[in-house]
Structures are given as C-alpha cells and as structure tokens.
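Residues per chain, in single letters:
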Amino acid sequence: MSGSESESESVPPQHPAAFPSAFPSAFLWGAATSAYQIEGAAREGGRTPSIWDTFSHTPGRTAGGEHGDIAVDHYHRYREDVALMADLGLNAYRFSVSWPRVQPTGRGPAVQVGLDFYRRLVDVLLARGIKPAITLYHWDLPQELEDAGGWPERETAYRFAEYAQLVGEALGDRVEQWITLNEPWCSAFLGYGSGVHAPGRTDPVAALRAAHHLNLAHGLATSALRSVMPARNSVALSLNSAVVRPFSRDPADLAAVRKIDDLANGIFHGPVLHGAYPDTLTAATAGLTDWSFVQDGDPAAIHQPLDALGLNYYTPALVSGPAEDGAAGGPRADGHGASAHSPWPGADDVVFHQTPGERTEMGWTIDPSGLYDLITRYAREAPGLALYVTENGAAYDDKPDPDGRVHDPERIAYLHGHLSAVRRALADGADVRGYYLWSLLDNFEWAYGYEKRFGAVYVDYGTLERTPKSSARWYGQAARTGVLPGVGDVGGGGA
Ligand code: FCB
C-alpha cells in the first residue's frame, strides 16, 4: 500500500481487490475460546471453584443468573469441536487452561487428571494439523487465592508463576505457542474497579495494585516457562489495548486520550515492553496511590523479552475531556456491562462517547480501521516482535432457519472488514503472523450469560448440538485458500 493513506482512514470492506489479496502462506487462521466460557464440567476431576464460579452463582451478577457449570460441555465434546475446526480448514486454535482444574487451591502439585485433559486436547489438535496456542490465565482465578486477597496481593503473582511452570513442564514438549495472560486490563479494572467481572470488587486502588501484580505475574511466569520449556517455544501476552480517539482536537480532549491510553495500554505495555510505568500514569493516579507496591526489582522482573504480542480488538473508544457543566464522565458501561463504579481510576472526569456507525449485538461500533491502527501502532511500539490478533469477532442474534441452517451475513461482513484491515497492515510492513476469530463456539459471555452469541459455530443450548454458521464456512474458505472470499460468497466445502 502507498504510505500516503492516513492511519485512521477506514478500510473499505467492499473492495478487497484494492489490497494484495493473498495472506502469507504460513499465516495462522485460528479460532479462540477460554476455559470457563466453554468447558463446563465444573466439578469434575477435582476442579474447585474459580472466582467466576463464585461470581456467577451470586444473585444479580450475571444475566439471568447464568453460569459456566455446563457451558457448552467442551470438556466432554472436545473431540467433536476439534473435528469441526479441522473440517472447516482452520490451522490454529487458542484455548485457555483452567487454573482450578490443574491446581485447585492455587498451590501445590498439579492434578494429573486436569493436565491429562489438556494433553488429550493438544494431541487431538496436533493429529488434525491444528497448532495449539495456550493461554494460561483467562480470568478463572482459584477462589482460594481470591480469599487470600486475589490480584491486589503480591503473593498471587508468585502463585501464578508456579502454576505456569507446572503447565509448561507438562505441555511444553508439544505446545509451541504460549500466552501468559488474557487481557489483564479486564482482570484488574473490571474485576476490582467497576466490579462487573469476578470477583466483583469496586476499589480503584485495589484495581491499580491488581494491574501491577498481573504484570509481575506475567514477567515471573515468562521466566518460569522459559526455564522448563524448549527454547523454540514462543511466549506472549494478549492485551486488549484500546484504540482511543479524541472527540476533537481540543487540548482537553487530547488530555483525556492520554489518560485513557495510559490506563488501558501504557499501564501494561509500559513495564512489559519498555521496563517502566508511564510518568503520566503515576502522576494522574497520584491522588489515589503512591505506587509503593512496586518493589525494587519488579520492573526488571516484568520486562522480559517476549517472542510475540497478542492483540485483542473489538471496537475503538471515543473520549473527551470534562463536560462543560462539570458533570462526571464515565463510562459506567464499559462494553462488558454497566456499573455505578468506574473502571478508570483517576480518570472519572473523562467522557466516553458512542462512536458513530453500525453496531453489533454488544452495542460495539464496527470499525475495522481501529484494528489497522492498533496493529500498526504496536508494529512501531515493539519493532521486531511478532504480532497476532488473538481475538476479534462479533455477537449477533443468530437463529437457525426452518431448515436448521444459521445464516449470519453480518458476521461475514465483520470478518471481511477486519481481515482486510489485517491484510492492509501486513502490506504496510506489520509482522502479523495469525488471526484468531473470537469465538469458535457460542458460549458463556461473562456478565451477559448466554445471551450474546459470538460463535462461528451455533450452539443449541437445549441439546448442545453444534451447527457451523455460514460465517464458519466463509472463514474456513479463507483459511484453506489464504484469500478472503467475497462477502456474498460462503464458498463450498467446510462443514
Ligand atoms: C474479550 C474476552 C473474551 C470475550 C470477548 C467478547 O474481552 O477476552 O473472553 O468475552 O471479549
């Protein structure tokens, strides 16, 4: 692509021919899931409750009181789920290991039954030519560790490193791609700030402490994994770095962007990629904490060389400075649910605006240019680091037609637009190695319960029967050919 295009220019989804069409032949075409959202089998094999079991069984925390006790029963149906991916033509799968399935109390030796489940899953994936990518933490902290203080306590970072080492020892011989944490922003700021996620606490200082201890956990786990795994394996972190845009060029709006960018992005990529928290972040939160929980040696422990960075993207944010009348900003709704408490410590005056444009069932504006901006930003922020889109996708109100087929043209258009943005970033020199669609299956969407369907594969929650949607066939064709089909073409083959 010519370098004359501005970063924020939107990707025209209808004109794929405007971009070089084929993706690199080694590109990974994957799907992503997480343990609590799909596995079920909540009390099997010695598994004990995680914070999400406790939270979802607490009245009023999730839509309809829904929980992951059974979820989509992937624990028992993993062979069928792997076969679905193989039949579609996917060559990669990102899943998470349930910490309380492998180390129920968050301490001590690993439970063999738990490890065996993941070993079987990996072996079935490898036998079908699908490259596994393990996420060690996708939000299901053993409840016992939360009872001991959770992520605001330093000890939790040491516990995580030990757990990471146990899983690395067991599976490092057959899994090459490792991700320590999924979206630590959500764990810290939705879990301990706005409280819309488990464990549902609403303490801004606890949220900042949690963010630091998640960073420390990432750094210690990276070292622990490297100490037990073959050198060829790749260690990464998946961030939901925000694409933050100013409402206007007004200095107050640009200052609002700085604040949110620090709290969403710099708080993680600062120490992880550059070895320090941004000064603007510590200054903006000085009224809440002096950051004395950052101990000598922590920046070095966190600043481990990484092999790759995972980027999760759904929608951009549009912010402005304080309202003229002095009214406080928000958001009270942060995309994963509404709360009276802000997930942005020290930035209560920032106003969040709805980005114009069409929205998905989550109310998230569809804007593929945000994915292009995110990738190219991190290509500059972390030169030399391989990048993966570790999550991207959309929820729609999918329903089977009278023949039992599920047509989801909106999701095809969403995927087409976002994969075109990835292709454009590649053409502009970004080292993007793969894309994981969120999600393989309809699943438990956290505080929203089962009401939001993100799957490329439809799940009937009565029978747990799986039906690939037309988007799954479209995506499978892209994966098999390395070229995006047109939006009206769901192609042949597939499921
Ligand atoms: C991400 C989460 C994932 C799912 C999607 C929609 O923030 O990592 O589990 O909830 O959003």
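That block above? That's the structure.
Conventions we followed
- Residues numbered from 1 in each chain as written.
- Predicted model: local features only at pLDDT ≥ 70, side-chain atom pairs only at ≥ 80, totals over all residues.
- Heavy atoms only, no water.
- Helix = DSSP H or I, 4+ residues; strand = E, 2+ residues; numbered from the N terminus.
- Rg over C-alpha atoms; globule rule 2.2 N^0.38 Å.
- Buried < 20%, exposed > 50% of the residue type's maximum accessible area, 1.4 Å probe, protein only.
- Contact = heavy atoms within 4.5 Å.
- Areas by Shrake-Rupley, 256 points an atom, 1.4 Å probe, with all protein chains shown as cover.
- Phe/Tyr/Trp six-rings, centres within 6.5 Å; stacked < 30°, edge-to-face > 60°.
- Lys NZ or Arg CZ within 6 Å of the ring centre and 35° of its normal.
- Polar contact = N/O pair within 3.5 Å; in protein donor to acceptor, adjacent residues only side chain to side chain.
- Near = heavy atom within 4 Å.
- Expected span 1.5 Å × (residues − 1).
- Pairing = 2+ DSSP bridges.
- Axes fitted to C-alpha atoms, helices over the stretch in contact; angles between N-to-C directions.
- Salt bridge = Lys/Arg side-chain N within 4 Å of Asp/Glu carboxyl O.

A. Examining the overall build of the protein more closely. Of regular secondary structure, the protein possesses 15 helices and 13 strands. Against the compact-globule benchmark of 23 Å for 495 residues, the protein has a radius of gyration of 21 Å, which places it among compact chains. If you line up the protein on its principal axes, its C-alpha atoms span 60 × 55 × 45 Å. Across the 495 residues of the protein, 61% fall into the buried class. Nonlocal contacts in the protein, meaning residues at least 24 apart in sequence, comprise 77% of its contacts between residues at least 6 apart. Summed over its atoms, the accessible surface of the protein is roughly 17300 Å², and 52% of this surface lies on carbon and sulfur atoms.

B. Structural view of the packing of aromatic side chains. With the rule as written, the count across this model stands at 34 aromatic pairs. Arranged with centres 6.0 Å apart and planes meeting at 55°, the rings of Tyr435 and Tyr475 form a pair that is tilted. Remark: Tyr475 occurs in helix H15 (residues 470-481) and Tyr435 occurs in strand E11 (residues 432-438); sequence separation between them is 40 residues. Connected via pairs of aromatic rings, a cluster forms that spans Tyr36, Trp52, Phe55, Trp139, Phe444, Trp446, Tyr450 and Tyr461. Over the ring of Phe23 we find Arg423, and its NZ or CZ is 5.7 Å from the ring centre. Seen from the ring of Tyr372, Arg424 lies directly overhead, with NZ or CZ sitting 3.8 Å from the centre.

C. View of the side chain of Ser369. Within the fold, Ser369 resides in helix H13 (residues 368-381). At 3.2 Å, the side chain of Ser369 forms a polar contact with the side chain of Arg245.

D. Up close: the site of the ligand. Lining the immediate environment of the ligand, one finds Gln37, His138, Trp139, Asn182, Glu183, Tyr314, His336, Glu391, Trp438, Glu445, Trp446 and Phe454. Relative to its unbound accessible surface of 290 Å², the ligand loses 99% to contact with the protein.

E. Representation of H15 in the model. Its 12 residues give H15 an end-to-end C-alpha distance of 17 Å, which sits within 8% of 16 Å, the value for a rise of 1.5 Å per residue. Turning to H15, its buried residues are Ser470, Ser471, Ala472, Arg473, Trp474, Tyr475, Gly476, Gln477, Ala478 and Ala479. The inward-facing, buried residues of H15 abut strand E1 (28-32), helix H3 (74-88), helix H14 (409-427), E11 and strand E13 (466-468). Residue Gly482 follows H15 closely and has a positive phi angle near 75°.

F. Geometry of the sheet that holds strand E8 (residues 317-320). Taking strand neighbours across the sheet as the criterion, the 3 strands line up as E6-E8-E9 in an open arrangement whose pairing is mixed. Of all strands in the sheet, those bounded by a partner on one side alone are strand E6 (244-246) and strand E9 (351-353). Going from strand to strand, the sheet's axes swing by 40° on average, the running direction of each strand aside. As judged from the 3 bridges shared by E6 and E8, these two strands associate in the parallel manner. The residue of E8 that forms the bridge with Val244 is Ala317. Sheet strands touched by helix H10 (residues 251-274): E6, E8 and E9. Its angle to E6, the strand with the most contacts, is close to 170°.

G. Focus on the sheet that holds strand E5 (residues 234-239). Within the closed barrel, the 8 strands sit side by side as E1-E2-E3-E4-E5-E7-E10-E11. Their pairing is parallel. Each strand axis lies, on average, 25° off the axis of its neighbour in the sheet, ignoring direction. By the bridge criterion, 4 bridges tie E5 to strand E7 (residues 308-312) in an arrangement that is parallel. In the sheet register, Ala236 faces E7, and the bridge partner there is Ala308. The strands that H14 touches are E1, strand E10 (386-392) and E11; relative to E11, the one it contacts most, it runs at about 165°.

H. Representation of the pattern of salt bridges in the model. With the rule as written, the count across this model stands at 33 salt bridges. Residues Arg128 and Asp87 are paired through a salt bridge, measuring 3.5 Å at the closest nitrogen-oxygen approach. One end of the pair, Arg128, is in the loop between helix H5 (112-127) and strand E3 (131-137); the other, Asp87, is in helix H3, with 41 residues separating them in the sequence. A relative accessible area of 44% places Asp87 in the partly exposed class. Between Glu155 and Arg159 there is a salt bridge; the shortest N-O distance is 2.9 Å. Taken together, the residues span about one helical turn, with Glu155 and Arg159 both in helix H7 (residues 155-171) at a distance of 4 residues. Given a relative accessible area of 35%, Glu155 falls into the partly exposed group.

Geometric values such as these leave the question of function open.
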